[in-house]
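Report on the structure
Spelled out, the chains give:
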Amino acid sequence: MTETIRASIYDYPRYYDLVFGSDWKAECDFLQACFDRFATGTVRRVFEPACGTGRLMFRLAKAGYDVSGLDLNERAVEFCNERLARHGFARSAFVADMTDFRLRRKVDAAFNTINSFRHLLSERAARAHLQCVAEALRKGGLYLLGIHLTPTRGRPSSEESWSARRGNLAVNTQMWELDRDPVERIERFAMQFDVYTPTRHMRLDDELVLRAYSMTQFQQLVDSVPSLRIVETYDFHYEIDQPIEVSETVEDVVYVLKKV
């Protein structure tokens, strides 16, 4: 019998980490390649706003970086800190709002790779976030921001599904569009986790509300924060030697922003 729960996917960090953690190596390799190629000077201190479970943080810590991060979800932050501690690192994630934070020390780079930025539902909130990140970065530092753009030519993607497994735990994931408001630039998606263990099948239902960006709208947002500029763009294949040109049909983009 399937047990169905209506709740936030972020309140189940073990399942969330499995679903979104499978591509960690490609992301980590890409982040480090960008640090080497685009940052001015050496990157040692890195920061992740909306860090969630810290699926990349602890791996970057194992690679020798000094890591920290923030998230609004207390359960995700606790999961992240427990994992850091298990691997011998400081519990460096903390609960905070990604639109209103200040770090004690400036960092060399920051990253947010899986669309969490779009949870900020107004232009004011998005700009406040970029301004906080810019203030946290030292001059010549980087912010690597992954975002799903809305194409202005062609039909945008409206559904996605994938699966992940770790030991006896398997999660099948589906995400599909409920509606979109092009005037208010708000998109709503249903998100469903089907969680399987040897003795249980649980279905977790959630709804995600995200702000939409065309390539022009995102460019205008970055232009409104004078201390950040776009130095390169990539897709979600994370190939450091294969940058892309963002066009009216492109959806998945990693922007390499630099503090000037």
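The structure under discussion appears in the preceding block.
Note that this is a predicted model, so its numbers are computed, not measured.

Moving on, we get to the packing of helix α1 (residues 13–20) against helix α4 (residues 74–86). Where α1 contacts α4, the two axes come as close as 10 Å, and the packing angle between them is 70°. One finds that α1 runs roughly perpendicular with respect to α4. Across the interface between the two elements, P13, R14 and D17 of α1 pack against R75, A76, F79 and R83 of α4. Of the residues assigned to the contact of α1 with α4, the class counts are three nonpolar, no polar and four charged.

Within a beta sheet, neighbouring strands are joined by backbone hydrogen bonds and run either parallel or antiparallel to one another. Reading across the sheet, the seven strands line up as β4-β3-β2-β5-β6-β12-β11 and stay open at both edges, with mixed pairing between neighbours. Sheet topology places β4 (93–95) and β11 (228–234) at the edges, where each strand pairs with a single neighbour. This sheet shows a mean twist of 20° between the axes of neighbouring strands, independent of strand direction. Bridge count for strand β5 (residues 107–112) against strand β6 (residues 137–148) is five bridges, and the pairing is parallel. Paired with A110 across the strands is Y143, a residue of β6.

So, about the environment of V209. Tracing the backbone shows V209 in strand β10 (residues 200–211). When the C-alpha positions of V209 and E187 are compared, they lie 5.8 Å apart, and in sequence the two are 22 residues distant. With sequence-adjacent residues up to four places away left out, V209 is seen in contact with R118, H119, L121, I186, E187 and R188.

How each quantity is defined
- Residues numbered from 1 in each chain as written.
- Predicted model: local features only at pLDDT ≥ 70, side-chain atom pairs only at ≥ 80, totals over all residues.
- Heavy atoms only, no water.
- Axes fitted to C-alpha atoms, helices over the stretch in contact; angles between N-to-C directions.
- Helix = DSSP H or I, 4+ residues; strand = E, 2+ residues; numbered from the N terminus.
- Parallel < 35°, antiparallel > 145°, perpendicular 65-115°, else oblique.
- Contact = heavy atoms within 4.5 Å.
- Nonpolar A, V, L, I, M, F, W, Y, C, P; charged D, E, K, R; others polar.
- Pairing = 2+ DSSP bridges.

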